[in-house]
Amino acid sequence: MEYLLELKNITKRFGDLVANDKISIKIRKGSIHSIVGENGAGKSTLMNVVYGLLQPDDGEILFDGKKVDFSSPLEAIDTGLGMIHQHFMLVPVMTVLDNIIMGYEIGSFKLNRKKSKEELKPFFKSFGLSEDLFDTKMADLSVGIQQKIEIIKALYRQAELIIFDEPTAVLTPQEIKEFFVLVRNLNNNGKTIIFISHKLNEIMEISDEISVMRNGHLVGHVNKEDVTQDQLAKMMIGRDLSEQRITYVENNNEHVMEVTDLVTPVKLGSVGLKKLSFSVKKGEIFGVAGVTGNGQNELVNILVGIEKPLSGKVVVEGHDVTGVPPHKRTDSMAYIPEDRQSEGLVMPFTIRENLLLGKVDLPQFIHHKIMLDFKNIDENANNAIKDYSIKVSKGPSDPVHSLSGGNQQKVIVARELSNDARTILAVNPTRGIDIGSIEYIHSCILLEREKGKTVLLVSNELSEIMALSDRVGVIHDGRIVKVFDNTDRLTKEEVGYYMLGGKEEDYAKEAANV
Amino acid sequence: MIDIIESIGASTIRMAMIYMLAATGSNMAEKSGILNLTIEGNMLVSAFTAVVISYFTGSPLVALVGAIMVGMIFGAFYGLLVITGKADQMISSLALNMFAAGLTTYMLIAVFGSAGATPRVAAIPELSIPVLSSIPIIGKIFFVQSPIVYAGFILVGVAYYVLKHTKFGLRIITVGENPMAASTVGINVRRLRYFAIIIAGAMGGIAGGYLSISLSSQFVKNMTAGRGYIALSTVIIGKHKPINIALAALLFGFCEALQIRLQLLDVPTQFIQIIPYVVTVVVITFFVGKDDNPSAIAQPF
Amino acid sequence: MNKNIIKSIAPSVVSVLAGLLIGAVIILFNGENPLSVYFAMLVQPLSSYKNILNVLYVITPLIMVGLAFVVAINADMINLGLEGQLLLGGIAATYVATLFPALPWFIYIPMIMFCAMIVGALWALLPGYLKLRFGASEIVTCIMLNYVAQYMINYIISGGLFKHPDIAQRTPYILDNAHFPSLSEIGMNHGTKIFRGVQVNPMFLIAIVTVVLVYILFTKTKWGYKINAVGLNIKASTANRMHSKKIMMLAMALSGGIAGISAMGEVLGTFNGFVEGFSPGYGFSGISVALLGRKHPVGVVLAALFFGLLNQGMIYVGANTSIPKDFVKIIQTLIIIFIMISPYLEERWNSYVKSRTKARAGRLG
């Protein structure tokens, strides 16, 4: 069989959302095949279908020419598949040995740990791991080693096809180098590899063949030799917003936000901030561009006050807010969160109630000190609906869960962009909403700048950053690696280069090559 | 003096075994990720069942077996509610406990026509182990006890062994810590949890039977009197480890043994009686971190 | 709007019916007629004006503990310590009610109730604080503290605080100026016998007032808003600069305060003091009433009415049949169990309906 795995018209729906739309991919035996796409493109869903964690609504899967229908991962494993998930399937409090043998133990009742150790010794040797690790607790090990254990888990179960889901997301650069060596060794030993990622430089380095997904569709399939990183990026991102650009205005104002040397620990699921610093001038829109998972969450949480850095300082509007919990904050920073449903809104609440969140102590909404002033509250809500064109079915008493994503976001924007806030933190403010609402919210943000407010925009949508920012900082691996002060002639490619891990020294060379 | 030591020591073991049995079993369920507050109700229905069966068959042995089986059914029912039905585990536990209380009192009247207690029935006699029981002091404390006590100590050892050295134990622990990881390697999380809660039910059944037809020879209305919750305490204080749980059970057994002695002195008994509860609160506040509970506890899968 | 109300009431109604159905089976097992038993339980307590008034007496503490649970659960705090808070509030009230014979009742009684509320609030704040500061599970601490409260009271009654226990297992009688007169007594004092034997006392009115206050709290005050917000989404509330921990503690304190005065009708009224064991498990009843009442003040009243009827009805059932009064407990817990699994049952029902419509469409298509 030339192809070890064939996906034919795989479709998977979650309610109205089509996560995989008639995906057909052929994986050549012995190849390293990468599947790339932005977050939400449907890559992980597809692999979960292949691995038996999810059942497809339509389509079929062939393994080594034979039709297979996995109703559970156990069947996939028995057939010869192995999967290394982005979030490791390990138990921190258990030993390395127990983590590996769990579900695949030797012995019918009593555990024969000794025999398992014997069987695993050759694996450990070839991965360069000491036998002392057998009895070490998983939690005590570095992420790089944990990943090796995950791989050994799959190999021990005689996987022929190994799927890696975003494997380098939490590895240090050194660990990433080691990881690639490992993958090549596996490949040289006959294993077929599927590699899921959005890190184009890594894809270009390791893959034989590349399939590109976008919004649940397969948009392209190429051989590595036939494509450039740039072309891949275009296939991946695809969406073209009206390339509105703000006119660059020279800004010599003082800094209204200063972030200095923030450090957070590296742990499972976090790259950790590694002395991250930047500052934002009054009246500007500062865009922090970066691929998801490079420290944005940690930065935002520290700015909001729900997390404390190990070291470093944050000053907002002259107040030192490092480690200050939100309810004690004295600055006026508004927050438009990335996840509107979990951090921005109380979903069962109505529009008028959500507009009060955090503002219910304001004198205009209260009379007699504790009673809610419904007249003013309703007026406030009606104004917001009008001013921000929020599409409602009845009015302020609509529960927000009945609104579309874009309108939900408008409620948050309406609440946060009130006159009190002089600084605004917006994180992926247009994630997952319709084009019309995106444009509208962008114009709101620009309007705030006209009013003299300061905006810190953190986004993984490069077009959004380019459209709105006066200055751009690129976040990569827990640091701001480059700040562009003049965005007049800035190109997406240049920003993208730094977003994907490019180094300043190498940029001139790259630019010369294109 | 020696008499007092022997007497208190023997009482300690005797009372501690209630908690030891129930807690060791419940620990299995909790290790697999199920919050188990149903010990109280479990013990109560089993205690009643033991008395009823002993009454009608005259055989305490058959009665004990019956108590265990009823305990298993009780556990399975709880499992049905919270594993398959995904009901809130805490409230379901409390509801089941209430249900057990109502059911046993109801049956007390329905079967025996009494509102307070059953008549005396055939009970399990103490068994004095030859040779060992002649050892000074220790002999009287450890080796003149109900056979259930001996079985109990063995079961604690079995529990320890199972969790540490068997396939089943390893999977139980995994399922309680990271059910997702377990299911990705093909372990049937729900089925394993059912096993665990049924085991807990069985051991609660032994504890209940021990209470009614070994420590006593009748069923008295609501005779568990909160002991199920003390057993829960020992699980928490013992940080879900079988040996530590057994030690905590001994501690509280000691408190109970002491209580009776101290009534002869002037110390108000209530101060002794609240020791298990206060100790639990203190331990759970200052000494039990988030790490001491199985990570996936009380989350339906 | 109406569809929403039906949707939220449905689980309760279905659970009640399911519970009664299984209860009917148990009754049949006992050789009795379910219809006559349920008639005795649900209808007879309402058969005369005196009976109706007595039902009001029975539901008074149920309403209060139900409200107490609702206040806490709205902040996502599970107050399992209602029993302890209620008992300690009762004993505190009793103690204060034996101290000042000279105070006029309109000063004395509010003072007593205030003390009871404070004690209840503190006993609820303890597990709340331990949870929010140390992460100690409020499930366990509440249950433990219930037992501690019981033993403390046992000690207090046996001579710890009340120096000369008059009768075993109860406190001495409270002073006259601290007494809640029952409707029967009020009638007698005015020369009429029409209310003779009716135990309902002003505590019922206080309960109704509490219902109204809780309703106003959650629909019209900023504190109710904050409690709801934190209970529904603590992450969003915290990110929007609300002091979530303080709000949760406030909810626990209010909950404990309400629980603390839940038994005033018994303590200051019927028993004129604290009688050990007078509570037939009001702590858990509070949870039942709150859940059956869908955590809404009006629902709590209706649920209390239902459970109160059941309890009161057992008097007639006990008199005429061989069903013992713990039967009510069985029905009550069965209903709660059904409520607990109603999301699951609803999901199964929905997918069943879905597959039937699909099949029908398939046949037609």
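Our structure's up above, just so we're on the same page.
Note that the structure is a prediction, hence the values are computed from the model and not measured.

Caption draft 1: Structural context of the sheet that holds strand β19 (residues 423–427) of chain A. Residue and element names in this part refer to chain A. With respect to topology, six strands assemble into an open sheet ordered β16-β19-β20-β13-β21-β22, the strand pairing being mixed. Strands at the two margins of the open sheet, each flanked by one partner only, are β16 (334–336) and β22 (479–484). Across the sheet, the mean angle separating the axes of adjacent strands is 20° when strand polarity is ignored. The pairing of strand β13 (residues 285–289) with strand β21 (residues 471–476) spans four bridges and is parallel.

Caption draft 2: Structural view of the interface of chain A and chain C. Residue-level contacts link 23 residues of chain A with 18 residues of chain C. Mapped onto the side of chain A that touches chain C, the elements with two or more residues apiece are α10 (340–344) and β18 (371–372) of chain A. Per-class residue counts for the side of chain A that touches chain C are 16 nonpolar, four polar and three charged.

Caption draft 3: Spatial organisation of the interface of chain C and chain B. Across the boundary between the two partners, chain C contributes 32 residues, which contact 34 residues of chain B. Looking at the side of chain C that touches chain B, the elements that each hand over two or more residues are α5 (105–134), α6 (138–160), α13 (282–292) and α15 (327–364) of chain C. Take the side of chain C that touches chain B: its biggest share by element is twelve residues, from α6 of chain C. Its residues assigned to classes, the side of chain C that touches chain B comprises 24 nonpolar, six polar and two charged.

Caption draft 4: Layout of the environment of Val-353 of chain C. Within the secondary structure layout, Val-353 of chain C lies in helix α15. Sequence spacing of Val-353 of chain C and Leu-103 of chain C is 250 residues, and the spatial spacing of their C-alpha atoms is 66 Å.

Caption draft 5: Quick peek at the pairing of strand β11 (residues 255–263) of chain A. All names here are of chain A. Inspection of the sheet shows β11 paired to strand β12 (residues 274–281) by six bridges, in the antiparallel sense. The residue of β12 that forms the bridge with Val-263 is Lys-274. Where β11 meets strand β14 (residues 311–316), five bridges bridge the pair, whose relative direction is antiparallel. Opposite Thr-260, over in β14, you have Lys-313 as the bridge partner.

Caption draft 6: Local environment of helix α1 (residues 2–29) of chain C. Residues and elements named next belong to chain C. Spanning 28 residues, α1 covers 40 Å between terminal C-alpha atoms, matching the ideal 40 Å at 1.5 Å per step. In α1, a bend of some 35° at Ile-9 exceeds every other bend along the element, and Pro-11, a proline, comes one to four places later. Of the residues one or two after α1, Gly-31 is the one with positive phi, at around 80°.

Caption draft 7: Highlighting the packing of helix α4 (residues 82–96) of chain C against α5 of chain C. Residue and element names in this part refer to chain C. Two elements in contact, α4 and α5, have axes whose closest approach is 8 Å; the angle formed by their N-to-C orientations is 145°. The crossing of α4 and α5 is right-handed. Where α4 approaches α5, its residues Gly-84, Gln-85, Leu-88, Gly-89, Gly-90, Ala-92, Ala-93 and Val-96 are matched on the opposing element by Met-111, Ile-112, Met-113, Cys-115, Ala-116, Met-117, Val-119, Gly-120, Trp-123 and Ala-124.

Caption draft 8: View of the environment of Tyr-161 of chain B. All names here are of chain B. Mapping Tyr-161 onto the fold places it in helix α6 (residues 147–165). Taking the number of C-beta atoms within 10 Å as the measure of exposure, Tyr-161 has 13 and is therefore partly exposed. C-alpha separation for the pair Tyr-161 and Ala-122, spaced 39 residues apart in sequence, amounts to 34 Å.

Caption draft 9: Highlighting the sheet that holds strand β15 (residues 319–320) of chain A. Residues and elements named next belong to chain A. If you trace the four strands from one edge of the open sheet to the other, you get β12-β11-β14-β15, paired in antiparallel fashion. Pairing within the sheet leaves two strands with one partner each, and these edge strands are β12 and β15. Sheet analysis places β14 next to β15, joined by two bridges and oriented antiparallel. By the bridge assignment, Val-315 is partnered in β15 with Asp-320.

Caption draft 10: A look at the packing of α13 of chain C against helix α14 (residues 297–320) of chain C. Residue and element names in this part refer to chain C. For the pair α13 and α14, the least separation of the axes is 7 Å and the interaxial angle reads 125°. It follows that α13 is oblique to α14 by the angle criterion. As α13 runs across α14, the sense of the crossing is right-handed. Together, Ser-285, Ser-288, Val-289, Ala-290 and Leu-292 of α13 and Val-300, Ala-303, Ala-304, Phe-306 and Phe-307 of α14 make up the contact between the two elements. Taken together, the residues of the contact of α13 with α14 sort by class into eight nonpolar, two polar and no charged.

Conventions adopted
Residues numbered from 1 in each chain as written. Chains lettered and ligands numbered in written order. Predicted model: local features only at pLDDT ≥ 70, side-chain atom pairs only at ≥ 80, totals over all residues. Pairing = 2+ DSSP bridges. Helix = DSSP H or I, 4+ residues; strand = E, 2+ residues; numbered from the N terminus. Axes fitted to C-alpha atoms, helices over the stretch in contact; angles between N-to-C directions. Contact = placed C-beta atoms within 7 Å. Nonpolar A, V, L, I, M, F, W, Y, C, P; charged D, E, K, R; others polar. Expected span 1.5 Å × (residues − 1). Bend = angle between axes of the 7 residues up to and from the residue. Left-handed = near helix turned anticlockwise from the far one by under 90°. Buried ≥ 20, exposed ≤ 12 C-beta atoms within 10 Å, placed from the backbone. Parallel < 35°, antiparallel > 145°, perpendicular 65-115°, else oblique.

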